[in-house]
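# What the coordinates show
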There are 4 protein chains.
Amino acid sequence: MPEIKTRVTNQKLIRENRRKLINAVTKLFVEKGYDRTSMREISQKSGLTIGNIYNYIGKKEDLLFMVHDDMMEGVYEFDNIHTEWRNLNELRYYLKGAFVHTLEYKKEILLMYRQTWLLGEEALESLLAKEKVHILKLKGFLDEANKKGIAKIQDTEITANFIVYMISMLALRGWSLKGHKKSQGKLIDSLVSIIMKNLV
Amino acid sequence: MPEIKTRVTNQKLIRENRRKLINAVTKLFVEKGYDRTSMREISQKSGLTIGNIYNYIGKKEDLLFMVHDDMMEGVYEFDNIHTEWRNLNELRYYLKGAFVHTLEYKKEILLMYRQTWLLGEEALESLLAKEKVHILKLKGFLDEANKKGIAKIQDTEITANFIVYMISMLALRGWSLKGHKKSQGKLIDSLVSIIMKNLV
Amino acid sequence: MPEIKTRVTNQKLIRENRRKLINAVTKLFVEKGYDRTSMREISQKSGLTIGNIYNYIGKKEDLLFMVHDDMMEGVYEFDNIHTEWRNLNELRYYLKGAFVHTLEYKKEILLMYRQTWLLGEEALESLLAKEKVHILKLKGFLDEANKKGIAKIQDTEITANFIVYMISMLALRGWSLKGHKKSQGKLIDSLVSIIMKNLV
Amino acid sequence: MPEIKTRVTNQKLIRENRRKLINAVTKLFVEKGYDRTSMREISQKSGLTIGNIYNYIGKKEDLLFMVHDDMMEGVYEFDNIHTEWRNLNELRYYLKGAFVHTLEYKKEILLMYRQTWLLGEEALESLLAKEKVHILKLKGFLDEANKKGIAKIQDTEITANFIVYMISMLALRGWSLKGHKKSQGKLIDSLVSIIMKNLV
DNA sequence: TATGAATGAGCCTTCATTCAT
DNA sequence: CATGAATGAAGGCTCATTCAT
């Protein structure tokens, strides 16, 4: 992970101001995108002066990394807590929860898909590493389920990818399902069913 | 569809130079994104002088729309030719073809997911309308398959969306499956199987 | 007078197209000013293609000269017909007419005051010469009136200037007298009275 | 009055740099006109970098307003000090002074007549309001003179307008009286006489 | 003569970044 | 640590003018 240069040493202040920055920047990037958000706007929204912001970052791009890093935590937070399941019913329950959680983080996920690639190679790699860990964990569960005879999955790696992707689909597909007559609940049920069919 | 202003009347010239523009701009937008591509670069790559470019468009954003519109055609071109299928085997064959075709348009699809939202309301609507037509067509086939007893699909609308999305997943997932040890063929087979399981 | 270069030789065509040009350009310059009127607008309004316009002028500035020259004719046309007067009553009558005429050419006069100075020295001189002739003519009448004992004017040159200027004042002052509660007729009467007081 | 946007908060700096801007811009606008003066020239002449200029204004047009506003102050400054007069002799003395003052501001007045109309509605209104106040003040004095029996003016409103305009005439007429053989003193005397004749 | 596409310098404005205070 | 004025390169876009057809 590329270390963001900072000249600030007072630890509490650092944390506070970085939080202010991330909150402001997340909103702005979600709303207008990285390239269309100016440092002046960030300064206004965060309450830090432009000059001071540059005490916490080396260049504007660092903000993009900061915000991604922070969002990843939120997006994957659910999985860090709830990934344990012992049978298919528990998996189904887990998936529903994951979908609901995804819908809550819809904007952030969209932001990730839209803006991450603007980061340079190095920063990008480090972010993708996190996702890979998440997928591998899921694959581990699927392998185990296969072994236990609970599931009968042909290719657990592809399936793990498929599940993770299906989940984010809810967020990404937003613009196309807009005006969809189905209720959110029914939509989630359908998607969960689709996934479940592939595990047995 | 938003009419793109042009000062040129010669239809042949419009066609030729807009093609030059689209070719240049597609590469540049894929590479650097819309906001980071300058009119000067576009001028160089397209071989048209800046002033002349503005004889064919009203504003830079028109290029974004043009390139999307053009890509849509490419991406959906496959479906316009091959959507007819009469049994599940033919559907499986069609899906394989669609996946292969998608991989060819990988870059363009990525571009669409990353940059489309930058478009203004009007242009956006017009593009989404096209996609909706495509999905509705697929839904029609699924409904018919249900009626004929070939398939047994619970919610054809969600399934149609699901299929379309699965297809583009191949393109979007690029960065995550990078380094994946599976061969492309095997990957496609797995994804097709996943889809097929949901139709019976 | 600086000759405007022209490559066109067919005399009738020349006259027609120059008229089209002048009419279009007068309206546009009055409305938006010289610098804010583009050749494209002139082309559209006149019905001549841009390229063809350049068969009649050497550069855009020539249009400014053309339009001034043409307007001068209109503005001073009244004086060419009506300057003869034999007593103060006839002068008073003449002045009223001049004021009314001025109001009709209000826009053109404004244009002259606002845009003439954009012309280079040479063109400017030639235009001012015309006005000087007009003033001298008026001065001649005043001198004669003095000699005849009809009037008793101290400085006929300044007075002639004063009269000419008073007349154009009606046009120039437009923006300040806007919302003036007086009727136009009464305003003219007052101004004529002011002038007349200075002749006896 | 349209508030001119500024990003700078330090009042002293605002005053200093706006003054630099006005000084530079007045010269340039008088010389070449608003539309023909580029921001680059303004930057050079004022000593402020282009970017910094935009810390003190919102858009180029603001400079036109600023310079007008500033000139108004100069042009009317004389009246703010000297408008008191108790008899016709004092009025005559005041008028002479006003004429001399006007000649000093010749260039500025020309600028006003030539460029004011380029301003947008809002800015224009605010400038005309200032002039109206000035004319009304003069009208007040004339009304009072009428009441006191010092003067005998038929229409004080038109007369007030007339006087104000006669004064600026000296500036506007510059190009026409150029080469005039009269001395400036004698010219002023004549114009004052013309005005005085209309007050009794 | 007439056409209108092509040229490219130049316009106004914004922006990330620096640095004296 | 914090401030915010200053920098100037770079951005999108317009325009008078030319010239091959």
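Note that the coordinates shown come from a computational prediction; the quantities given were computed from them, not determined experimentally.

Let us look at the relation of the copies chain B and chain A. Least-squares fitting of chain B to chain A yields an RMSD of 0.3 Å, with the superposition described by an axial translation of 0.2 Å and a rotation of 179°. Such a turn and shift between the copies fits a two-fold axis. Proximity to the rotation axis, assessed at the C-alpha, singles out Arg114 of chain B in chain B; its C-alpha lies 2.3 Å from the axis. When you check the interface residues of chain B against chain A, 95% turn up at the interface there too, and the contact is symmetric in its surfaces.

Turning to the side chain of His101 of chain A, a few remarks are in order. Residues and elements named next belong to chain A. Along the chain, His101 turns up in helix H5 (residues 88-104). With a relative accessible area of 10%, His101 lands in the buried category. Those residues in contact with His101, other than ones at most four positions away along the chain, are Gly74, Val75, Glu77 and Phe78.

Taken together, the contact between chain D and chain C spans 44 residues of the former and 42 residues of the latter. Carbon and sulfur atoms supply 55% of the area buried between chain D and chain C, which totals about 4000 Å² over both sides. For the pair chain D and chain C, the number of links is four salt bridges. Note that Lys186 of chain C is salt-bridged to Asp155 of chain D, the shortest N-O span being 3.7 Å. Those elements that provide at least two residues to the side of chain D that touches chain C are helix H1 (11-32), helix H6 (106-115), helix H7 (121-148), helix H8 (156-172), helix H9 (174-177) and helix H10 (184-197) of chain D.

This part takes up the interface of chain B and chain A. On the chain A side, the residues contacting the 44 residues of chain B number 42 residues. Between chain B and chain A the total buried area reaches about 3900 Å² when both faces are included, carbon and sulfur atoms providing 55% of it. The largest per-residue losses of area from chain B upon contact with chain A belong to Trp117, Ile158 and Tyr165 of chain B, which jointly make up 18% of the total buried on that side. At the boundary of chain B and chain A, one finds four salt bridges. Residue Arg36 of chain B is joined to Asp35 of chain A by a salt bridge in which the shortest nitrogen-to-oxygen separation is 3.0 Å.

The next thing to look at is the domain arrangement of chain A. Residue and element names in this part refer to chain A. Here chain A is partitioned into domain 1 (11-60) and domain 2 (64-197). Measuring from the centre of the C-alpha atoms in domain 1 to the corresponding centre in domain 2 gives 28 Å. In this complex, domain 1 contributes 13 residues to the contact, which on the side of domain 2 involves nine residues. Carbon and sulfur atoms supply 73% of the area that domain 1 and domain 2 bury against each other, a total of about 950 Å² over both sides. Taken as a group, Ile22, Val30 and Tyr34 account for 44% of the area that domain 1 buries against domain 2, more than any other trio of residues on that side.

Spatially, chain A and chain C are disjoint, and the shortest separation between their C-alpha atoms is 31 Å. At their nearest point, the C-alpha atoms of chain B and chain D are still 20 Å apart, with no contact between the two.

Attention now goes to the protein's contact with DNA strand F. Close contacts around DNA strand F come from 38 residues, with Asn10 and Asn52 of chain A, Tyr54 and Lys60 of chain B together with Tyr56 of chain D the closest. The side chain of Thr49 of chain A places a nitrogen or oxygen atom 3.0 Å from a phosphate oxygen of DNA strand F. Side-chain polar atom of Asn17 of chain D to a phosphate oxygen of DNA strand F: 3.5 Å apart, as the coordinates give it. Contributions of two or more residues to the surface near DNA strand F are made by helix H1 (11-32) and helix H3 (50-56) of chain A, helix H2 (39-46) and helix H3 (50-56) of chain B, helix H2 (39-46) and helix H3 (50-56) of chain C together with H1 and helix H3 (50-53) of chain D. Broken down by element, the residue count for the surface near DNA strand F peaks at four residues, all from H3 of chain A. Within the surface near DNA strand F, the residues separate by chemical class into twelve nonpolar, 19 polar and seven charged.

Looking now at the side chain of Thr37 of chain A. Mapped onto the secondary structure, Thr37 of chain A falls in the loop between H1 and helix H2 (39-46). If we skip the residues at most four places from it in the chain, Thr37 of chain A touches Leu28, Phe29, Lys32, Ile42 and Lys60 of chain A.

Conventions used here
- Residues numbered from 1 in each chain as written.
- Chains lettered and ligands numbered in written order.
- Predicted model: local features only at pLDDT ≥ 70, side-chain atom pairs only at ≥ 80, totals over all residues.
- Heavy atoms only, no water.
- Least-squares fit on C-alpha atoms with pLDDT ≥ 70 in both.
- Contact = heavy atoms within 4.5 Å.
- Helix = DSSP H or I, 4+ residues; strand = E, 2+ residues; numbered from the N terminus.
- Buried < 20%, exposed > 50% of the residue type's maximum accessible area, 1.4 Å probe, protein only.
- Buried area = accessible area lost by both parts, 1.4 Å probe.
- Salt bridge = Lys/Arg side-chain N within 4 Å of Asp/Glu carboxyl O.
- Domains from an automatic or database assignment.
- Near = heavy atom within 4 Å.
- Polar contact = N/O pair within 3.5 Å; in protein donor to acceptor, adjacent residues only side chain to side chain.
- Nonpolar A, V, L, I, M, F, W, Y, C, P; charged D, E, K, R; others polar.

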